[in-house]
Structure formats: C-alpha cells, structure tokens
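Working through the structure, step by step
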Amino acid sequence: MDRSSEIREFLRTRRARITPEQAGLAPHTGARRVPGLRREEVAQLAGVSVDYYIRLERGRTQGVSETVLEAVARALRLDDTERAHLFDLAQPATGRTRRKKPLAPQKVRPALYRALDALSVPAVVQGRRMDILAANRLGYALIADFEARPHHDRNAARFVFLDEAARVLYRDWERVAGDCVATLRLYAGRHPDDPQLTELIGELSLHSDTFRRMWADHDVLAHTTGTKRLHHSLVGDLTLDYIVLAVEGDPEQTLVIYTPEPASPAAEAISILASWTGTPTPDQAPNTTA
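Description of the structure in this document. (Residues numbered from 1 in each chain as written. Predicted model: local features only at pLDDT ≥ 70, side-chain atom pairs only at ≥ 80, totals over all residues. Heavy atoms only, no water.)

Here's the deal with helix H2 (residues 39-46)
Residues Glu-41, Val-42, Ala-43 and Ala-46 constitute the buried set of H2. Where H2 terminates, the next one or two residues include Gly-47, which has phi positive at roughly 75 degrees. (Buried < 20%, exposed > 50% of the residue type's maximum accessible area, 1.4 Å probe, protein only. Helix = DSSP H or I, 4+ residues; strand = E, 2+ residues; numbered from the N terminus.)

Some thoughts on the pattern of salt bridges
For the structure shown, the criterion picks out 22 salt bridges. A salt bridge links Arg-15 to Glu-57, with the nearest nitrogen and oxygen atoms 3.0 Å apart. Of this pair, Arg-15 sits in helix H1 (residues 3-16) while Glu-57 sits in helix H3 (residues 50-57); the two residues are 42 residues apart in sequence, bridging distant segments of the chain. Owing to a relative accessible area of 1%, Glu-57 belongs among the buried residues under this scheme. A salt bridge links Glu-174 to Arg-213; the nearest nitrogen and oxygen atoms lie 2.7 Å apart. Here the residue Glu-174 occupies a position in helix H10 (residues 173-190), and Arg-213 occupies one in helix H12 (residues 209-215), the gap between them amounting to 39 residues. Of the residues examined, Glu-174 reaches a relative accessible area of 41% and is grouped as partly exposed. (Salt bridge = Lys/Arg side-chain N within 4 Å of Asp/Glu carboxyl O.)

So, the pairing of strand S3 (residues 225-232)
Along any regular strand the residues' side chains alternate between the sheet's two faces. As paired strands, S3 and strand S4 (residues 236-247) are joined by eight bridges and run antiparallel to one another. Pairing of His-232 across the sheet is with Gly-236, part of S4. Counting the residues in the hairpin turn of S3 and S4 gives three residues. (Pairing = 2+ DSSP bridges.)

Notes on the sheet that holds S4
With antiparallel pairing, the five strands of this open sheet are ordered in space as S2-S1-S5-S4-S3. Edge strands, defined here as strands with exactly one partner in the open sheet, are strand S2 (132-135) and S3. Geometrically, the sheet is characterised by an average inter-axis angle of 25 degrees between neighbouring strands, direction not taken into account. One ladder, built from three bridges, connects strand S1 (residues 123-126) with S2; its direction is antiparallel. Across the sheet, Val-125 pairs through a bridge with Ala-134, a residue of S2. Helix-sheet contacts for helix H13 (residues 265-277) involve S3 and S4, and the interaxial angle to S4 is about 80 degrees. (Axes fitted to C-alpha atoms, helices over the stretch in contact; angles between N-to-C directions. Contact = heavy atoms within 4.5 Å.)

Notes on the environment of Tyr-242
Examined against the element boundaries, Tyr-242 turns out to sit in strand S4. Once the C-alpha coordinates of Tyr-242 and Thr-224 are considered, the two residues, 18 residues apart in sequence, prove to be 8.3 Å apart. With sequence-adjacent residues up to four places away left out, Tyr-242 is seen in contact with His-223, Thr-224, Thr-225, Gly-226, Thr-227, Lys-228, Val-256, Ile-257 and Tyr-258. Side-chain polar atoms of Tyr-242 contact the side chain of His-223, separated by 3.4 Å. (Polar contact = N/O pair within 3.5 Å; in protein donor to acceptor, adjacent residues only side chain to side chain.)

Section: the packing of aromatic side chains
Inspection of the entire model under this criterion finds six aromatic pairs. Aromatic side chains Phe-159 and Tyr-170 sit 6.4 Å apart centroid to centroid with 70 degrees between the ring planes, which places their arrangement in the edge-to-face category. Of this pair, Phe-159 sits in helix H8 (residues 156-162) while Tyr-170 sits in the loop between helix H9 (164-169) and H10, and the two are 11 residues apart along the sequence. Residue Phe-159 is classed as buried on the basis of its relative accessible area of 2%. For Tyr-170, a relative accessible area of 8% translates into the label buried. The interplanar angle of 20 degrees and the centroid separation of 5.5 Å between the aromatic rings of Phe-211 and Trp-215 together place this pair among those described as stacked. Of this pair, Phe-211 and Trp-215 are both found in helix H12, four residues apart, which corresponds to roughly one turn of the helix. (Phe/Tyr/Trp six-rings, centres within 6.5 Å; stacked < 30°, edge-to-face > 60°.)

This is how it looks when you write it as structure tokens:
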C-alpha cells in the first residue's frame, strides 16, 4: 500500500469528523465547503504552519518530529490506538525503522496448544492479518471449523466477509465486520509491505462492497475486550464476553477467550456445546490442587 496515500486519507477522515465547535474554535459563519475541520484549522490547533500541515497530510513526512505528530494527534483528538497508527504511518525520524526482511511464519508453541486444550470455554489463537492459527475444540465448534479449511481460508476477515455462515452466526454482523476492517487497518500501518496483507485486502475488496466501503473509512481498532452476540446452529442465541491476551514471545499473536455469565442461558449453551465436542466442563475438570 502507498504510505503517502494512507496518511493523507487517515488525516482527512479524522479531521472530517470534528466540527470547529468540538475543537474549541469560534463558530464559523456562512457555508463550509468541507465537513469537519479545514486544514488551516488543524494547523492552528496543532501550532504549526498551514504549509507544514499540508505537506504532512500529503504524506511528506521525512524529518517530521514526534512533537509535531503529538500536536496533530491532540488537535484531531485521536485516541491511543489512532495515535499509534499515525506514528506508524508517519514513521518519524526518531521512531522505529521500517522492517526490511520478510516476516517470519508464525508458529503456535506446544505449551499454548496445551493451554487451549485445558480451557473449558471457547478459545482461539489469532495471528497477523487476523489469521486463525489455532483453537480448542469449543472454539472451532463455536465459530467455524477453521482446522478443516485450506490454510488460505483460515482467516477471520475472510470468514466474516466471504462466508454466508458468518452473517447468520454474528447477530451484530455489521459491527463485527467494521471491527475486522479496523483491526486490519491497524495492522496495515505496522506492515504496509506485507504481500499477504495486500492479497487479502485485494480479495476482500473484489468480492465485498461492504468491505470496500468500510476500508475507505480508515478507522483503526485494537481489540482488548468486548461482547459478542451469536446465533449458533446447534445451541441458538447466546451472548459471550471475550478478552484478548497477548502471547508471550510473539506480540502479534493473541489468545481470544470467550466466557458466558455464570448460570446464564449462554453458560448452559456452552455446556451443551461442550458435551457435543467432548470438552470437559468446569465441574468435570480434574482437581489438580489436591
């Protein structure tokens, strides 16, 4: 992906969502030709010249300082994830250098496989580009049997946008789809030269109008915790909380664990699903503390 285009569209979409009043500027009289803030207003809020900001928005970031990027982030009211994405796109001279060598394939450690099998709730290991690297039996049974699919198709974004089963499974499919796109955007800021990412974005753009629309929004998201509302073909409707944990030794692997509220219909549904997959439930798990 073209880095200059990426930073231009990211900054443009961020300033388009903020009104002068929200930014603390005096109300503007008369018609405005652009939604949100104009470039000169962002420059004023950031304390830089208009020409400097225009060069930055056009992707001319060579020599840009972290101080300027911080000022722009404050002016545009970026959250922590958006701020990190801006720094990734701009690559300030005092920041990280871009990776030159190809990304090494990701591998799941044996200890993590054992941890997955020990869990009595659905769990999935997710890698770069939202690739599904592993899951326990409940994880596969809850979402999709990625293990039975070709390696190319073991990807959460491909499942969400290209598999009709996902639209049935996720009761809030539009929100889930938007989260997928925003997660890919964040990854793209860190690895814009990843050829597998380019292939994935091209495939999704070709086959999904919704993906193309959402990709143009330039939103970014770092998943940490949340709630999923599902409709499972075997156990019906259920609501699960999830938490995303970093995997030691590989910051781009995450362990996603889904848990129901105790004594809830979702907990009963997970118990039924566990009996179907042969997964021990908490009351069936051996006592290892004795």
